[in-house]
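# Examining the three-dimensional arrangement
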Amino acid sequence: MRRLFLGLALLLVCASGAFAQPVALFYMTDGPDSIRSFLAHSAKIDLLVPTWYNVDENGLVTGGPNPTVLDTALRENLPVMPIVALFGKKKFHDLAASNDAQLRMIDAMLREARLHGYVGFQFDFENLDYLDRDGLSAVTALAAGALHKDGLKLTIATVPNAPGYPGKGGFAKWIYTDWRGAYDLAALAKSVDLICLMTYDQQTRWTMPGPVAGWQWTLDNLDYALQFVPKEKLSLGIPLYGYHWYTAAPTVDKTTGEDRPNPTADYISTPDALELAAAFGGKPEWDAEDHTAFLYFYRDQMREWIFYTDLRTFRDRYQLAADRGLEGFCSWVLGSEDPEIWNFLPDRAKKH
């Protein structure tokens, strides 16, 4: 009965036009900051997607809920849809090649949903070979069919993949073959209840400093996705975190013994970004072209850069989702956000 009630709640939040505001999907990890953020702001969240499960190449699903989080969500009638994650080309290829492994995975998902009252699951399959594009579509279709028969939902997180083919440079080829090329949005949209477009990580530790989700890049990927996915089935990714770029100590080539340059970047939360700025004299600035907050400061005579999500960065992307009539937005990850977003977002109860 409890799962039926939550399932009806999810149908409401996924229904087209049900609310004037976009549906607020938030990801949560097992980290204490993430859990504390959820517990403090659960009333603002429409759908919780925690990172509670993994699956291996044999279809073995491991993981389980945080009891405090699950009890809170069930008490508040907040739908919970955990992630089932798999990262890695060979592991996914093996899973996609084995019907037995897929059925083993699906049986575990059905078991866990019945035990804990989940409304469904979200697939988070990343670092896949572009040649496994059809395999991903087939695995998703099989799982979606089984979950739907049991009254459950299946959603999927996809790496943004405009323009649908690789560019000229080496990085463009790599990001397509290893990350973007495996997602057939049209095929996936036919199977799942929602696609969460991960419009973040445009710039990362693999790149030069820049916005986590530049404005034109976000628009290009959204427009591309909307060619294949109905807007009622599309959730726009909004990062809550930032990246901090700095010059690390040179690495040493094990073969030649030569030093190698080592510029790198780490995830950083908005509160931590502002704390670093205060400590080292950085001044928050606004990039009007990319609709994003950034800052820089000097430490040990070297410039360090941070691009991050403040309230204005978040609000512009939230409004984009609303203006395009999308199902909602999906934000990674609780615990890294600007606290001011909670004053901006409406309470879940006020949407009904």
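Residues numbered from 1 in each chain as written. Predicted model: local features only at pLDDT ≥ 70, side-chain atom pairs only at ≥ 80, totals over all residues. Heavy atoms only, no water.

Quick look at the sheet that holds strand S6 (residues 120–126) now. Strand pairing within a sheet occurs via backbone hydrogen bonds; the two strands may be parallel or antiparallel. Read across the sheet, 10 strands follow the order S2-S1-S17-S9-S8-S7-S6-S5-S3-S4 without closing on themselves; strand pairing throughout is mixed. Pairing within the sheet leaves two strands with one partner each, and these edge strands are strand S2 (47–50) and strand S4 (61–63). Within the sheet, the average angular offset between the axes of one strand and its neighbour, ignoring direction, is 25°. Relative to S2, strand S1 (residues 23–28) runs parallel, the two sharing four bridges. Looking across to S2, one finds that Tyr 27 is bridged to Val 49. (Pairing = 2+ DSSP bridges. Helix = DSSP H or I, 4+ residues; strand = E, 2+ residues; numbered from the N terminus. Axes fitted to C-alpha atoms, helices over the stretch in contact; angles between N-to-C directions.)

Helical periodicity: at 3.6 residues per turn, an α-helix aligns residues three or four positions apart in one direction. All of the buried residues along helix H2 (residues 32–41) are Ser 34, Ile 35, Ser 37 and Phe 38. Projected onto a plane normal to the axis of H2, the buried residues spread over an arc of 160° and lie on a single side. Exposed and facing more than 90 degrees away from the buried side of H2 are Pro 32, Arg 36 and Ala 40. Taken together, the buried residues of H2 touch S1, S2, helix H3 (67–75) and helix H12 (341–344). (Buried < 20%, exposed > 50% of the residue type's maximum accessible area, 1.4 Å probe, protein only. Arc of directions from axis to C-beta. Contact = heavy atoms within 4.5 Å.)

This brings us to the packing of aromatic side chains. Geometrically, a pair of aromatic rings is defined through the distance of the ring centres and the angle of the planes. If you walk through the whole model with that rule in mind, you get 30 aromatic pairs. Ring geometry for Phe 92 against Phe 125: centres 5.5 Å apart, planes inclined by 45°, an arrangement best described as tilted. Within this pair, whereas Phe 92 is found in helix H4 (residues 89–97), its partner Phe 125 is found in strand S6, the two being separated by 33 residues in sequence. Given the relative accessible area of 1%, Phe 125 is considered buried. (Phe/Tyr/Trp six-rings, centres within 6.5 Å; stacked < 30°, edge-to-face > 60°.)

So, about empty space enclosed by the protein. According to the stated counting rule, one finds one cavity of 30 Å³ or more in the structure shown. Of the voids in this model, the largest cavity is the one considered here, and its volume is about 30 Å³. Lining the largest cavity are Pro 211, Val 212, Ala 213, Pro 239, Thr 292, Tyr 308, Thr 309, Thr 313 and Arg 317. Looking at the lining of the largest cavity, its residues break down into five nonpolar, three polar and one charged. (1 Å grid on protein atoms, 1.4 Å probe; cavity = no way out; pocket = protein on both sides within 12 Å on 5 of 7 lines; lining within 4 Å. Points joined across faces, edges and corners; volume = space filled by probe spheres on them. Nonpolar A, V, L, I, M, F, W, Y, C, P; charged D, E, K, R; others polar.)

The space that makes up the largest pocket amounts to roughly 810 Å³. If you trace the largest pocket, you find 36 residues lining it, with Glu 126, Trp 179, Tyr 200, Asp 201 and Tyr 267 closest to the centre. Of all the secondary structure elements, the ones that give two or more residues to the lining of the largest pocket are strand S3 (53–55), strand S5 (83–87), S6, helix H7 (170–180), helix H9 (215–226) and strand S13 (263–268). Per-element accounting of the lining of the largest pocket gives the leading share, five residues, to H7. Split into classes, the residues belonging to the lining of the largest pocket amount to 22 nonpolar, seven polar and seven charged.

Turning our eyes to something else, we now look at the pattern of salt bridges. Opposite charge on two side chains makes pairing possible when the charged atoms of those side chains draw close. Scanning the entire structure with this criterion turns up 12 salt bridges. Note that Lys 44 is salt-bridged to Asp 347, the shortest N-O span being 3.2 Å. Of this pair, Lys 44 sits in the loop between H2 and S2 while Asp 347 is found in the segment after H12, placing the two residues 303 residues apart along the sequence. On the basis of relative accessibility, which here comes to 17%, the residue Lys 44 falls in the buried class. (Salt bridge = Lys/Arg side-chain N within 4 Å of Asp/Glu carboxyl O.)

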